[in-house]
Amino acid sequence: MTRSPQAEVYQMLDLGCGTGSNMRYLAPRLPGGQAWTLVDHDPGHLEAADRLCKELPGVSSFATRLQRLEEGLGVAIPDETDVVTGSALLDLVSGDWLENLAARADEISAAVLFTLSYSGDFLLSPMLEDDGWILRAVNEHQRSEKGSGRALGPDAWFQCAQAFEPRGYHVFSAPSAWVLGEPLRNLQVQLFEGWAEAAAEQRPNEAGRADAWLTQRLKLLDDVASETRVFHQDVLALPDDAATSPVKDGARPV
């Protein structure tokens, strides 16, 4: 992490913040003196973030900003920003958006941390015959238009490394799988419903097949101890003049 020479705090910017889960996770784990700005297009998300993120350890100031990220990264990322973060965001953006982000971060020498980028695979137990079909359809849907152009989907985390390395950044990645068991049944239900909906949208002529898979999946949740693993990658990119090796706990150079 870098610190602005003119600033007494770290200027932290969280893009696509949702309800602020990324800030709530990171703030207690980072050095004190953090000034956070959370950006999202949904007023309801920002209202929840404002309520949930106040008075976190290490935070000296906190603000939210309503903005659609495709409106322009030059506006979204102020000059004084030290660290740009985002969670479950990169797989939704286009290659052009990511290149613009890398260019803007490089311009102001900001460090970048993107977590929970879906990497294209999940593992369900017990297995069903159509799990592979659902996975392929979901991955196709992941690469469809999401607002900033054709989304990178499962390729996003690696494309992020490819965008920052030529600019002299030191880039590290680490796997960060979701492991959802019985205590997180409701989240499994939401995932399965979302995957079935995505598969039906991607392959409308086989919408009935997606519905049948969802019915089987939900029945399994009621009948047996089910587990869902969804594979993600986290990516950290540090400017050359600020990089110290963070290779621990599974992180590795890309």
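Residues numbered from 1 in each chain as written. Predicted model: local features only at pLDDT ≥ 70, side-chain atom pairs only at ≥ 80, totals over all residues. Heavy atoms only, no water.

Draft legend 1. Molecular detail of the overall build of the protein. Tallying secondary structure elements over the protein gives eight helices and nine strands in all. Computed over the C-alpha atoms, the radius of gyration of the protein is 19 Å, within 12% of the 18 Å expected from 2.2 N^0.38 for a compact globule of 254 residues. In terms of principal-axis extent, the alpha carbons of the protein reach across some 60 × 40 × 35 Å. Counting all 254 residues of the protein, 46% fall into the buried class. Sequence-distant contacts in the protein: of pairs separated by 6 or more residues, those separated by 24 or more amount to 79%. Accessible surface computed for the protein: about 12300 Å², of which carbon and sulfur atoms make up 50%. Positive and negative side-chain charges of the protein, numbering 21 and 38 respectively, have mean locations separated by a distance of 3 Å. (Helix = DSSP H or I, 4+ residues; strand = E, 2+ residues; numbered from the N terminus. Rg over C-alpha atoms; globule rule 2.2 N^0.38 Å. Buried < 20%, exposed > 50% of the residue type's maximum accessible area, 1.4 Å probe, protein only. Contact = heavy atoms within 4.5 Å. Areas by Shrake-Rupley, 256 points an atom, 1.4 Å probe, with all protein chains shown as cover. Lys, Arg positive; Asp, Glu negative; His and termini not counted. Charge placed at Lys NZ, Arg CZ, Asp CG, Glu CD.)

Draft legend 2. Quick peek at unusual backbone geometry. That bond from Ser125 to Pro126 is cis: its omega, 0°, falls within 30 degrees of zero. For Pro126, the position within the fold is in the loop between strand 5 (111-125) and helix 5 (131-142). Of note in the backbone geometry, Ala88 takes a positive phi value of approximately 55° without being a glycine. Here Ala88 is to be found in the loop between strand 4 (83-87) and helix 4 (95-108). Relative accessible area serves as the criterion here: at 41%, Ala88 is assigned to the partly exposed category. A positive phi is found at Ser109, a non-glycine position, where the angle reads about 55°.

Draft legend 3. Spatial organisation of the side chain of Gln233. Assignment of secondary structure puts Gln233 in strand 8 (residues 227-238). When near neighbours in sequence (up to four residues on either side) are disregarded, Gln233 contacts Phe114, Thr115, Leu116, Ser117, Ser119, Trp157, Ser173, Ala174, Pro175 and Ser176.

Draft legend 4. A look at the pattern of salt bridges. Per the stated rule, a full pass over the model turns up twelve salt bridges. Across the salt bridge formed by Asp222 and Arg185, the nearest N and O atoms sit 2.5 Å from each other. Residue Asp222 is located in helix 8 (residues 207-223), and its partner Arg185 is located in helix 7 (residues 185-202); the two are separated by 37 residues in the primary sequence. Looking at Asp222, the relative accessible area reads 57%, which means it is exposed. Through salt bridges that share partners, Asp79, Arg104 and Glu107 make up one connected network. (Salt bridge = Lys/Arg side-chain N within 4 Å of Asp/Glu carboxyl O.)

Draft legend 5. Spotlight on helix 6 (residues 156-164). Those residues of helix 6 that fall on the buried side of the exposure criterion are Ala156, Trp157, Cys160, Ala161, Ala163 and Phe164. One face of helix 6 carries all of its buried residues, which in axial projection span an arc of 160°. (Arc of directions from axis to C-beta.)

Draft legend 6. Representation of the packing of helix 7 against helix 8 in the model. Closest axis-to-axis distance for the helix 7/helix 8 pair is 8 Å, and the angle between their directions is 170°. As far as their axial angle goes, helix 8 and helix 7 are roughly antiparallel. Each of Arg185, Gln188, Val189, Phe192, Glu193, Trp195, Ala196, Ala199 and Ala200 in helix 7 lies in contact with helix 8, whose residues at this interface are Ala207, Ala210, Trp213, Leu214, Arg217, Leu218, Leu221 and Asp222. Considering only residue class, the contact of helix 7 with helix 8 consists of twelve nonpolar, one polar and four charged. (Axes fitted to C-alpha atoms, helices over the stretch in contact; angles between N-to-C directions. Parallel < 35°, antiparallel > 145°, perpendicular 65-115°, else oblique. Nonpolar A, V, L, I, M, F, W, Y, C, P; charged D, E, K, R; others polar.)

Draft legend 7. Looking closely at helix 5. In a regular helix each residue adds 1.5 Å, so twelve residues correspond to 16 Å; helix 5 covers 16 Å between its end C-alpha atoms and thus fits that length. Across the twelve residues that make up helix 5, a large majority, nine, are buried. For helix 5, the set of buried residues is Asp131, Trp133, Ile134, Leu135, Ala137, Val138, Asn139, His141 and Gln142. (Expected span 1.5 Å × (residues − 1).)

Draft legend 8. Seen up close, the pairing of strand 4. Within strand 4, five of the five residues are buried, which leaves it mostly tucked inside the rest of the structure. Here strand 4 shows a buried face lined by Val83, Thr85 and Ser87 and a second buried face lined by Val84 and Gly86. When strand 4 meets strand 5, the two strands line up parallel, connected through five bridges. Bridging across to strand 5, Thr85 finds its partner in Leu113. (Pairing = 2+ DSSP bridges.)

Draft legend 9. Focus on the side chain of Asp130. Of note, Asp130 is situated in the loop between strand 5 and helix 5. The buried category is assigned to Asp130, whose relative accessible area is 17%. Every residue in contact with Asp130, bar those within four places of it in the chain, is listed here: Arg209 and Trp213.

Draft legend 10. Seen up close, the nonpolar core. By size, the foremost hydrophobic cluster in this structure holds 30 residues, and its most contacted members are Leu15, Val84, Leu90, Trp97, Leu101 and Phe164. Secondary structure elements with two or more residues in this core: strand 1 (10-15), helix 4, strand 5, helix 6 and strand 8. Residues Ala137, Val189, Ala199 and Leu220 belong to the second largest nonpolar core, which totals 23 residues. (Core = buried A, V, L, I, M, F, W, Y, C linked by side-chain atoms within 4.5 Å.)

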